[in-house]
Amino acid sequence: MIPIVKPFLPPNDELMPELEEIIYSGYIAEGEKVYDFERRFSRFIGNKYCLSVNSGTAALHIALILAGVGPGDEVISTPLTAEPTNISIKMAGAKVVWADVDPNNGLIDAKSVRSRITSKTKAIMLVHYAGMVCDLNEFNQISKEFNIPLIEDAAHALGSKFNNKFIGDSPNHTIFSFQAIKHMTTVDGGMLAVNSQEVFDKGRLKRWFGIDKTKPRLENDIVDTGFKYHMNNVNATIGIVQLRHIAEVIKKHINNGMYFDKNLNGLSGLSVPTYYKNTEPSYWIYTLKVERRSDFIRLLNQNGIAASELHLRNDKHTLFSESKRELPQLDDFYGKLVHIPCGWWVNSEDRQKIVEVINKGW
Ligand SMILES: Cc1ncc(COP(=O)(O)O)c(C=O)c1O
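A short tour of the structure in this document, coming up.

## Let's talk about the side chain of R207
Part 1 of the reasoning: The topology assignment puts R207 in helix α7 (residues 197–207).
Part 2 of the reasoning: At a separation of 2.7 Å, a polar atom in the side chain of R207 contacts the main-chain carbonyl oxygen of S52.

## Considerations on the state of the cysteines
Part 1 of the reasoning: If you walk through the whole model with that rule in mind, you get zero disulfides.
Part 2 of the reasoning: Unpaired in terms of disulfides, C342 finds its nearest cysteine sulfur in C134, a separation of 17 Å.

## Things to note about the side chain of T287
Part 1 of the reasoning: For T287, the location among the structural elements is in strand β12 (residues 286–290).
Part 2 of the reasoning: For T287, a relative accessible area of 3% translates into the label buried.
Part 3 of the reasoning: Ignoring anything within four residues of it in the chain, the contact list for T287 reads Y129, A130, M132, P273, F333, L337, V338 and H339.

## Some points on a nonpolar patch on the surface
Part 1 of the reasoning: A cluster of nonpolar residues, I87, M91 and L319, forms a patch on the protein surface that exposes about 230 Å² of accessible area.
Part 2 of the reasoning: Within the element layout of this structure, I87 appears in helix α4 (residues 84–91).
Part 3 of the reasoning: Under the relative-accessibility criterion, I87 is labelled partly exposed at 32%.

## Describing the sheet that holds strand β5 (residues 150–153)
Part 1 of the reasoning: One open sheet holds the seven strands; their spatial order is β1-β9-β8-β5-β4-β2-β3, and the pairing between them is mixed. Either end of the sheet is taken by a strand with one partner, and the two such strands are β1 (50–53) and β3 (95–98). Strand-to-strand twist of the sheet, defined as the mean angle between neighbouring strand axes without regard to direction, takes the value 25 degrees.
Part 2 of the reasoning: The pairing of strand β2 (residues 74–77) with strand β4 (residues 121–127) spans three bridges and is classified as parallel. Bridge assignment links I76 to a residue of β4, and that residue is I124.
Part 3 of the reasoning: The sheet contacts of helix α2 (residues 32–45) involve β1, β8 (173–177) and β9 (190–193), and relative to β1 the element is tilted by about 130 degrees.
Part 4 of the reasoning: Most of the contacts of helix α3 (residues 56–66) go to β8, to which it runs at about 170 degrees, and overall it touches β1, β2, β4, β5, β8 and β9.

Definitions and cut-offs
- Residues numbered from 1 in each chain as written.
- Predicted model: local features only at pLDDT ≥ 70, side-chain atom pairs only at ≥ 80, totals over all residues.
- Heavy atoms only, no water.
- Helix = DSSP H or I, 4+ residues; strand = E, 2+ residues; numbered from the N terminus.
- Polar contact = N/O pair within 3.5 Å; in protein donor to acceptor, adjacent residues only side chain to side chain.
- Disulfide = S-S within 2.5 Å.
- Buried < 20%, exposed > 50% of the residue type's maximum accessible area, 1.4 Å probe, protein only.
- Contact = heavy atoms within 4.5 Å.
- Patch = residues over 30% accessible without salt bridge, like charges linked within 9 Å, V, L, I, M, F, W, Y side chains within 5 Å.
- Areas by Shrake-Rupley, 256 points an atom, 1.4 Å probe, with all protein chains shown as cover.
- Salt bridge = Lys/Arg side-chain N within 4 Å of Asp/Glu carboxyl O.
- Pairing = 2+ DSSP bridges.
- Axes fitted to C-alpha atoms, helices over the stretch in contact; angles between N-to-C directions.

Here is the structure:
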């Protein structure tokens with residue numbers, strides 16, 4: 001079966017000696033390897049304020065706090081995402097306000113977001129779902145107009161671009177996940193990209209109990225609660241080795257995604273997503289809208305190709321019942337949503353086969 005997701009790990013003879021060295025080095029906690037990983041990741045993304053943490057969820061939680069989100073506030077978000085996007089809003093004590101999605105790609109819809117803004121709105125959560133980039137032209141404008149910060153959940157979007165720059169190189173708080181199945185894994189881990197030294201330093205305190213690691217422990221005075229969210233030297237070492245390969249891995253995702261854009265476009269019974277102006281997806285997985293979805297999934301499975309909806313729309317969870325509202329565009333999109341594999345493991349024969357199987361009809 002060609003899987004929808006699969007972790008890329010560097011070759012054994014490259015990764016293992018470095019991993020072995022750090023594991024037995026006597027220093028496996030947050031240390032030089034972590035700071036080295038941050039510097040290298042920063043260079044890759046083009047933003048010097050990248051703060052590593054132990055998950056994408058931790059990065060989201062800190063990002064929300066840095067944006068000033070707290071109890072009683074509202075954050076506008078999308079139900080079409082993995083649950084941590086919205087769980088983190090609850091972790092910050094705020095209420096999730098659902099916006100509808102764009103029927104052409106399932107991304108959070110700017111018009112719908114505008115209609116949800118109230119005096120309680122403290123942040124807007126943008127999810128660059130499946131590696132597709134939200135309408136940042138519109139959202140940056142909304143952010144300026146209403147003075148509301150944007151948080152970009154780029155857990156799926158390492159290597160995606162807006163205006164020729166990588167996602168993460170922007171004035172917004174952007175988070176990445178290095179969990180098992182993302183473009184790049186450190187087994188688990190995450191990164192928060194911010195826009196100034198001041199915000200970076202506040203984030204640094206939040207990631208480790210509120211203690212300032214740059215000062216001697218006995219000279220510290222904790223003034224605000226922080227968390228145990230730091231990355232350690234072992235995960236960071238994996239990250240350092242992964243970064244040598246990431247450009248090549250992302251390139252394979254993009255080549256496959258562009259192949260599907262071209263070769264599935266116009267087939268009857270399905271539609272390929274449309275992308276916003278000046279955005280370039282990094283195609284973590286490939287998103288389609290299909291008629292008779294269960295028949296489509298059965299056809300692909302019978303031919304050794306995985307296909308699935310992947311995520312439960314988050315508004316179905318009891319946890320978010322206070323946020324319940326009509327979302328007609330999501331109803332339509334989610335009823336037809338399916339993902340097919342397009343990652344680094346899909347070779348040119350695989351992708352040709354996927355198109356041929358779909359072409360036969362279902
Ligand atoms: C869209 C999205 N946001 C956030 C996360 C959270 O990342 P992590 O699993 O690293 O906490 C994930 C991954 O699970 C995700 O898919």
